[in-house]
Amino acid sequence: MDNDTKRSRDINALLSEKHTADVEAGHRDSRFQAGSGNARQGLRAIHTSAMGRTLGYCALLVAILVLAHRTVLEYNIIDQWSSNELQYTQNIEYSAVPGFFKQSIWGANVTEIGPIPKRFGLIDGHDKYWRSFRQKIKKMNTKSGKDTTYKVLFLGRHGEGFHNLGLNYYGEELIELPALLKEWDRKWGRLTGNGTITWGPDAKLTPNGIEQTKRVNALWKDEMHNGGGIPLPTALFVSPLRRTLYTLNASFAGVVDCPPPLIIENLRDAYGLRTSDWRHNKTWIHERFPRFEFEEGFTERDELWEEGKREPTEHVQERVKDVLDRIFTLSDSYLALVAHDKVISATFNLTGHPDYDLPTGGSGFVRC
């Protein structure tokens, strides 16, 4: 078995474990360099402020540095069949670390930074800025305690999909986003198309969306040769929806070939009601993306999508928390996720990262 295959199997095996189970004392070692558990008490509301009507959609790249701290709690279990047994459970708290990327600055000007910023928005005046960045991350992890870790998350959103075009068209007279989405959910989002374009099930990228993924790929390749070379992600995770699968595949072509990306159900967009979020079955995905791997337990059919019911935003955040708790058990310092606006927003909330509103206007985005 070659090293890449072994590495891939190790990641999949680790992520398939039930991390909500009690942690044995003997597992407090380097295998857990981050921690896992509950987020801050209570869920912060997902940012849903109104946006002006937008005319486009673009893949978004955000890099954030996250500190994760684990606390292990001990408690006793007493039952009639055994003597006292010491049990363990664990909690994780996540914090976005400011001072490294422009997007992490409170009140950052999104229009100036742009959807695909050079250097991923890294703030560093050093000629070898990526080399300097790698050294800082390594030093921070070396000095941190056994229950604390720093990881860099490269968060990518899919490019423009046909559902984005449909949403914009049928909401063009509506100024505020909540009203636009309400109208979309009332009728057109429940359909698979309008006879001219098709957006469901499982919306695909538009030609413009495909071009956007090429620009993301070009940025990765540029940064591989600039500033001492960007640290490439050594673990990639992706939503099972077609638009994200294609975006990841195109974005990392010729950049990261191993290990293969892992498809995680909980990275998908909010499910239900909208046909654009009704995923294809597992066989269909495997036939078109044979290099990708599935998390253990991934079902053949979409068992989450319901025709008349939309998943609440709060539940999206809960399942994103579950994903973070799983991937932060890995020893990798650089991780990439390609998903959706709601998933990225939930990640911001869970880490305390500043809200990063998307631009409005001709080069703006639809939060969908």
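Higher on the page you've got the structure.
Residues numbered from 1 in each chain as written. Predicted model: local features only at pLDDT ≥ 70, side-chain atom pairs only at ≥ 80, totals over all residues. Heavy atoms only, no water.

J.: Tell me what's going on with the packing of helix H6 (residues 207-224) against helix H7 (residues 242-251), and back it up with residues and numbers.
T.: The interhelical angle for the contact between H6 and H7, taken along N-to-C directions, is 35 degrees, at an axis separation of 8 Å. Judged by the twist between their axes, the crossing of H6 over H7 is right-handed. Judged by residue contacts, Ile210, Thr213, Val216, Asn217 and Trp220 of H6 engage Tyr246, Thr247, Ala250 and Ser251 from H7. Among the residues forming the contact of H6 with H7, the class breakdown is 5 nonpolar, 4 polar and no charged. (Axes fitted to C-alpha atoms, helices over the stretch in contact; angles between N-to-C directions. Helix = DSSP H or I, 4+ residues; strand = E, 2+ residues; numbered from the N terminus. Left-handed = near helix turned anticlockwise from the far one by under 90°. Contact = heavy atoms within 4.5 Å. Nonpolar A, V, L, I, M, F, W, Y, C, P; charged D, E, K, R; others polar.)

J.: So what's going on with helix H3 (residues 129-143)? Residues and values would help.
T.: With 15 residues, H3 extends 21 Å between its outermost C-alpha atoms, agreeing within 8% with the 21 Å of an ideal straight helix rising 1.5 Å per residue. Within H3 the residues assigned to the buried category are Tyr129, Trp130, Ser132, Phe133 and Ile137. Each buried residue of H3 lies within a common arc of 155 degrees when the element is viewed along its axis, so the set occupies one face. Projecting away from the buried face of H3 at angles above 90 degrees are the exposed residues Gln135, Lys138, Lys139, Thr142 and Lys143. (Expected span 1.5 Å × (residues − 1). Buried < 20%, exposed > 50% of the residue type's maximum accessible area, 1.4 Å probe, protein only. Arc of directions from axis to C-beta.)

J.: Go over the packing of aromatic side chains with me, naming the residues and quoting the values.
T.: All chains considered together, the criterion is met by 14 aromatic pairs. Plain terms: the ring middles of Phe100 and Phe133 are 5.9 Å apart, the flat faces sit at 70 degrees to each other, and that makes the pair edge-to-face. In this pair, Phe100 sits in the loop between strand E2 (82-96) and helix H2 (110-113) while Phe133 sits in helix H3, placing the two residues 33 residues apart along the sequence. In terms of burial, Phe100 and Phe133 fall into one category: buried. With 5.1 Å between their ring centres and 65 degrees between their planes, Phe154 and Trp220 make a pair best called edge-to-face. Of the two residues, Phe154 sits in strand E3 (residues 148-157) while Trp220 sits in helix H6, which places them 66 residues apart along the sequence. Take Phe154: its relative accessible area is 2%, and that puts it in the buried class. The class for Trp220 is buried, based on a relative accessible area of 1%. One aromatic cluster is present, formed by Phe100, Phe101, Phe120, Tyr129, Trp130, Phe133, Phe154, Trp220 and Phe252 through successive ring pairs. The aromatic ring of Phe294 is capped on one face by Lys282, whose charged end is 5.1 Å from the ring centroid. (Phe/Tyr/Trp six-rings, centres within 6.5 Å; stacked < 30°, edge-to-face > 60°. Lys NZ or Arg CZ within 6 Å of the ring centre and 35° of its normal.)

J.: Describe the pattern of salt bridges, listing the residues and the values that go with them.
T.: Any two side chains of opposite charge can pair, on the condition that their charged atoms come close. Here the structure, examined in full by the defined rule, presents 17 salt bridges. For Asp124, the salt bridge is made with Lys136, and the minimal N-O distance between the two is 3.8 Å. Taken together, the positions of Asp124 in the loop between H2 and H3 and Lys136 in helix H3 put the pair 12 residues apart, joining distant regions of the chain. According to the relative accessible area criterion, Asp124 is buried, its value standing at 14%. Residue Lys136 is classed as partly exposed on the basis of its relative accessible area of 37%. Here Asp322 and Arg326 are joined by a salt bridge, their closest N and O atoms 3.6 Å apart. Of this pair, Asp322 and Arg326 are both found in helix H9 (residues 313-327), 4 residues apart, which corresponds to roughly one turn of the helix. Under the relative-accessibility criterion, Asp322 is labelled partly exposed at 28%. The exposure class assigned to Arg326 is buried, which follows from its relative accessible area of 10%. Salt bridges sharing partners connect three or more residues here, namely Arg243, Asp269, Asp277 and Arg310. (Salt bridge = Lys/Arg side-chain N within 4 Å of Asp/Glu carboxyl O.)

J.: So what's going on with the side chain of Ser104? Which residues, and what values?
T.: Within the secondary structure, Ser104 is located in the loop between E2 and H2. At 3.1 Å, the side chain of Ser104 forms a polar contact with the side chain of His353. Excluding residues within four positions of it along the chain, Ser104 makes contact with Ile64, Val97, Pro98, His353 and Pro354. (Polar contact = N/O pair within 3.5 Å; in protein donor to acceptor, adjacent residues only side chain to side chain.)

J.: Any chance you could break down the environment of Ala96 for me, citing the residues and the numbers?
T.: Mapping Ala96 onto the fold places it in strand E2. Taking the relative accessible area as the measure of exposure, Ala96 reaches 17% and is therefore buried. In the structure, Ala96 is positioned 256 residues away from Gly352 in sequence and 5.9 Å away in space, judged by C-alpha atoms.

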